[in-house]
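Residue-level structure breakdown
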Amino acid sequence: MSDDLLPIGRFARLCRLSVKQLRHYDDLGLLVPAWTDPASGYRYYRPGQARDALLIGLLRSMDVPLPTVARVLPGGGGGDGDGAGDALKEARDRIEADVARRQRGLRLLDRVVAEGLPQAEVSIVREPARRVFTAREPATPLTIPDATGACVGRLLHRMSPDGLLIGLFPLDMDEEFDVRVVVQADDGDDVLPGGSFASAVHVGPYEEIPLTVHGVLAWFGDYGHVPAGPVREVYLNDPATTPPEHLETRVQIRVEDAQ
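Residues numbered from 1 in each chain as written. Predicted model: local features only at pLDDT ≥ 70, side-chain atom pairs only at ≥ 80, totals over all residues. Heavy atoms only, no water.

Within the chain, the secondary structure is distributed over seven helices and eleven strands. The principal-axis extents of the C-alpha atoms in the chain amount to approximately 85 × 40 × 35 Å. With 259 residues in all, the chain has 35% of them scored as buried. Taking contacts inside the chain between residues at least 6 apart in sequence as the whole, the part at least 24 apart equals 66%. Here the chain displays about 15,300 Å² of accessible surface, and carbon together with sulfur accounts for 52% of that area. (Helix = DSSP H or I, 4+ residues; strand = E, 2+ residues; numbered from the N terminus. Buried < 20%, exposed > 50% of the residue type's maximum accessible area, 1.4 Å probe, protein only. Contact = heavy atoms within 4.5 Å. Areas by Shrake-Rupley, 256 points an atom, 1.4 Å probe, with all protein chains shown as cover.)

Attention shifts here to the side chain of Q49. Note that Q49 resides in the loop between β3 (43-45) and α3 (50-61). Taking relative accessible area as the criterion, Q49 reaches 16% and is therefore assigned buried. Setting aside chain neighbours within four positions, we find Q49 in contact with F11, L31, V32, P33 and A34.

The eight strands are arranged β4-β9-β11-β10-β6-β7-β5-β8 in an open sheet whose pairing can be described as antiparallel. Either end of the sheet is taken by a strand with one partner, and the two such strands are β4 (123-127) and β8 (190-192). Here the strands of the sheet are splayed against their neighbours by 40° on average, with no regard to which way each runs. Sheet analysis places strand β5 (residues 130-139) next to β8, joined by three bridges and oriented antiparallel. By the bridge assignment, R131 is partnered in β8 with V191. (Pairing = 2+ DSSP bridges. Axes fitted to C-alpha atoms, helices over the stretch in contact; angles between N-to-C directions.)

What follows deals with a negative patch on the surface. A surface patch of like charges, here negative, comprises D162, D186, D187, D189 and D190. Among the structural elements, D189 can be located in the loop between β7 (177-184) and β8. (Patch = residues over 30% accessible without salt bridge, like charges linked within 9 Å, V, L, I, M, F, W, Y side chains within 5 Å. Salt bridge = Lys/Arg side-chain N within 4 Å of Asp/Glu carboxyl O. Lys, Arg positive; Asp, Glu negative; His and termini not counted. Charge placed at Lys NZ, Arg CZ, Asp CG, Glu CD.)

This next bit is on the packing of helix α1 (residues 8-15) against α3. In contact at an axis separation of 9 Å, α1 and α3 are set at 55° when each is read in the N-to-C sense. Taken together, the axes of α1 and α3 are oblique relative to one another. For α1 against α3, the interelement crossing comes out right-handed. Contact residues: α1 offers F11, L14 and C15, while α3 offers A50, A53 and L54. Counted by class, the contact of α1 with α3 contains six nonpolar, no polar and no charged residues. (Parallel < 35°, antiparallel > 145°, perpendicular 65-115°, else oblique. Left-handed = near helix turned anticlockwise from the far one by under 90°. Nonpolar A, V, L, I, M, F, W, Y, C, P; charged D, E, K, R; others polar.)

Structure (structure tokens):
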């Protein structure tokens, strides 16, 4: 054993990491000890490894995922040249998206604190079947806005002034699901079924639509009806020309037990 090797406890203090963390990073192949005693299994590190250890700790303190950290470290597939920069930019983009999601949540919570839970004015309407074009995008509960935007982008060339644009979202959201957006068109290659729907108009930013969805679902509970997905969002005006506070969206959920 070389004299310049540091036992794991001393190395942990030097790098401001715990012994448990260092063992975990070794198990992952992220920071392998310079020498491991074959008899005791005790780990030893070289002082020169402190730079990598400190980088790992810094990136983890910023919630950078371990696979991305591995790409940033020298020898990890991205530690030299543009690869590390690309990995860090991806991590930054994820954090920025998470911050934006949390800001949307704060604005939603502020509205609930100021106004209480909304009382949606719900009516039962009959919707006809419509011919539509459909775009579909995989999503998670956190990526619904991005997935919806991607679907809308693929349908822009299909839109006409009198064609309805409708978002379709699962009633029960799993960890992963498909978001669908349809645009009404006489020559559409798909059919959006009709039926009886509980309907309410949401006025305000799209990010606050969940308040109206909850209001409609509360109506189902109050009147003992059975909801059936997907939740429909019918976009009634253009977000490019309408201020967010004046956007109107018709929220509809099919009444399964209606005749």
